[in-house]
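# Coordinate inspection notes
Chain by chain, the residues run as shown.
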Amino acid sequence: MENLYGLSHAELIQLAEDLGLPPYRGRQLFRHLYRHGQTDFSEMTDFSASLRAELASRFRIAHPRVAESSQSGDGAVKLLIELEDGLLVETVAIGSRRDAAGGKSGRAQGAGGEASDLTVCVSTQVGCPLACTFCRSGAIPFRRNLTAGEIAAQVLLAERAAPEAARGRRNVVYMGMGEPLLNTDGVTASLALLADADGFGIPPRRITVSTVGLPEEIGRLGAAAPQVGIAISLHAGDDETRGRFMPIGRRHRMPEIFEALENLPPSNRRITIEYVLLGGENDRPRDARELLRQLRRLAASGIRPHVNLIAFNPWEDPAPGPPHRPGTEEDAERFLGKVSAAGFVSTLRRSRGRDVLAACGQLAATPA
Ligand code: SAH
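Notes on the structure in this doc start here. Computed from a prediction, not measured in an experiment: that's the story for all the values here. (Residues numbered from 1 in each chain as written. Predicted model: local features only at pLDDT ≥ 70, side-chain atom pairs only at ≥ 80, totals over all residues. Heavy atoms only, no water.)

## Some words on the nonpolar core
Counting 108 residues, the largest nonpolar core has Leu4, Tyr34, Tyr174, Leu191, Phe200, Ile218 and Leu261 as the members making the most contacts within it. At eight residues, helix α4 (residues 148–161) tops the list of elements feeding residues into this core. For Leu261, the residues in contact, after removing those within four places along its chain, are Ile218, Ile232, Arg269, Ile271, Leu298 and Ile303. (Core = buried A, V, L, I, M, F, W, Y, C linked by side-chain atoms within 4.5 Å. Buried < 20%, exposed > 50% of the residue type's maximum accessible area, 1.4 Å probe, protein only. Helix = DSSP H or I, 4+ residues; strand = E, 2+ residues; numbered from the N terminus. Contact = heavy atoms within 4.5 Å.)

## Brief notes about the site of the ligand
Around the ligand, the surrounding shell holds 21 residues, and the nearest of these are Phe134, Ser210, Ser233, His235 and Asn313. Between the ligand and the protein, one listed contact pairs a nitrogen atom with a backbone N or O atom of Gly178 at 3.1 Å. In this structure, Ser210 approaches the ligand through a side-chain N or O atom, which is 2.6 Å from an oxygen atom. For the ligand, whose accessible area on its own is 530 Å², the fraction buried by protein is 95%. Of all the secondary-structure elements, those providing two or more residues to the shell around the ligand are β10 (207–211), β12 (271–277) and β13 (306–311). Partitioned by chemical class, the residues of the shell around the ligand number 11 nonpolar, eight polar and two charged. (Near = heavy atom within 4 Å. Polar contact = N/O pair within 3.5 Å; in protein donor to acceptor, adjacent residues only side chain to side chain. Areas by Shrake-Rupley, 256 points an atom, 1.4 Å probe, with all protein chains shown as cover. Nonpolar A, V, L, I, M, F, W, Y, C, P; charged D, E, K, R; others polar.)

## Thoughts on unusual backbone geometry
In this chain, Asp317 is followed by Pro318 through a cis amide linkage whose omega measures 5°. As for its position among the elements, Pro318 is in the loop between β13 and α11 (329–341). The amide bond that connects Ala319 to the next residue, Pro320, takes the cis arrangement and shows omega of 5°. Here Pro320 lies in the loop between β13 and α11. One non-glycine residue, His235, adopts positive backbone phi at about 65°. Looking at where His235 falls in the secondary structure, it is placed in the loop between β11 (229–233) and α8 (239–245). Residue His235 is classed as buried on the basis of its relative accessible area, which comes to 4%. A positive phi angle, near 55°, is found at Leu357, a position not held by glycine. By the secondary structure assignment, Leu357 is in the segment after β14 (346–349).

## Quick look at the pairing of strand β3 (residues 65–71)
Both β3 and strand β4 (residues 76–82) contribute to a ladder of six bridges, which runs antiparallel. Each bridged residue has a counterpart across the sheet, and for Val66 the counterpart in β4 is Ile81. With antiparallel pairing between neighbouring strands as the criterion, β3 and β4 make up a hairpin whose turn holds four residues, including Gly75 at a positive phi of roughly 100°. (Pairing = 2+ DSSP bridges.)

## Some thoughts on the state of the cysteines
Scanning the model with the defined rule gives zero disulfides in all. A disulfide-free cysteine, Cys128 has its sulfur positioned 6.5 Å from the sulfur of Cys132, the nearest such atom. Residue classification places Cys128 among the buried positions, given a relative accessible area of 12%. Just so you know, Cys132 is unpaired, no disulfide at all, and the nearest cysteine sulfur is the one on Cys135, 6.3 Å from it. Under the relative-accessibility criterion, Cys132 is labelled buried at 13%. (Disulfide = S-S within 2.5 Å.)

## Here we look at the packing of aromatic side chains
Under the defined criterion, the tally for this structure stands at five aromatic pairs. Geometrically, the ring pair formed by Phe134 and Phe245 is edge-to-face, given 6.5 Å between the ring centres and 70° between the ring planes. In this pair, Phe134 sits in the loop between β7 (125–126) and β8 (144–145) while Phe245 sits in helix α8, placing the two residues 111 residues apart along the sequence. Both residues of the pair, Phe134 and Phe245, belong to the buried class. (Phe/Tyr/Trp six-rings, centres within 6.5 Å; stacked < 30°, edge-to-face > 60°.)

## Structural notes on the pattern of salt bridges
In total, this model carries 22 salt bridges according to the counting rule given. Here Asp317 ties to Arg136 by a salt bridge, and the two come within 3.6 Å at their closest N and O atoms. Of this pair, Asp317 sits in the loop between β13 and α11 while Arg136 is found in the loop between β7 and β8, placing the two residues 181 residues apart along the sequence. Look at Asp317 and you get partly exposed, because its relative accessible area is 44%. The partner of Glu150 in a salt bridge is Arg144, and the shortest N-O contact between them spans 3.0 Å. (Salt bridge = Lys/Arg side-chain N within 4 Å of Asp/Glu carboxyl O.)

See the structure below:
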């Protein structure tokens, strides 16, 4: 039986028409699937009993399930998700309480009733073929791309795992396992499910897709989802250093990546530059100078990126682990100081969820 979960709005309208129903039935189905997360036709009470029975006899609604959940001491919840074919990915739900002034306190999600936000970090592939040396997702075998339904369902499952936080503002970051722009079709189709007001209803400005920077695919993403933020995993200020940690960096050099960013429609120039600090390798003063050179190049073309420095998160399995170590706190602060002093909005992120291997670069979907 055909699984409806993951079908687009247009596909559900077509399906309604194929069944001899008016198009608005397609929209109703869309709402049941993505706004309400409904998987049982018998509970779709705005359909007649005979229509419910007909749908149930011809179709099914199935999305991935949570196989395991690990609660980190700092409020992040890591979900091990089992796909229909038995493959596993991970999703991280990060709750953060908002104080009265509306700022984020960065603490764990509040207990009952308090305003709190949810950030869901979704995976787009099982494993990752790009094999960046610091990233655990690239150290396990790559199996396949996720479908639009498998990506969107991670948000549903994260909301259920963190119901208090899901009542506040919801953000989605495509920063889990995999390279989103090796799966641009699945990613853009999932974005349509998440951003539609009758679907998940998450404003596109609260969604960010992170990529190593595949120039042609950046253009396709920008055309399909013009308001979604784009984060570029840069991690170095020159192509030679970058190519040492990121094999893909030898194929697509920074000028080519920046050109793709410059060609985006002005509406999605909400660009973040991500930079993992690797001790002694890219966190020295001269590395900061190189990065600033690149940031100024971007600024000259009208793009003022937010710079997100990420402390390196170590992992050990699969052996032998990454050939990198975290830098010192002082080096990180000095690096941050240089970037900020040059006028770029920058933050130093100490990842949440390290204790349960839920932090950036630690996802590998291995059952505990
Ligand atoms: N493939 C995409 C999506 C993954 S996002 C991308 O590379 O952008 C995950 C982010 O965490 C990326 O910026 C990635 O470079 C970073 N990361 C990977 N391994 C890490 C580690 N061990 N410690 C900290 N950050 C890491």
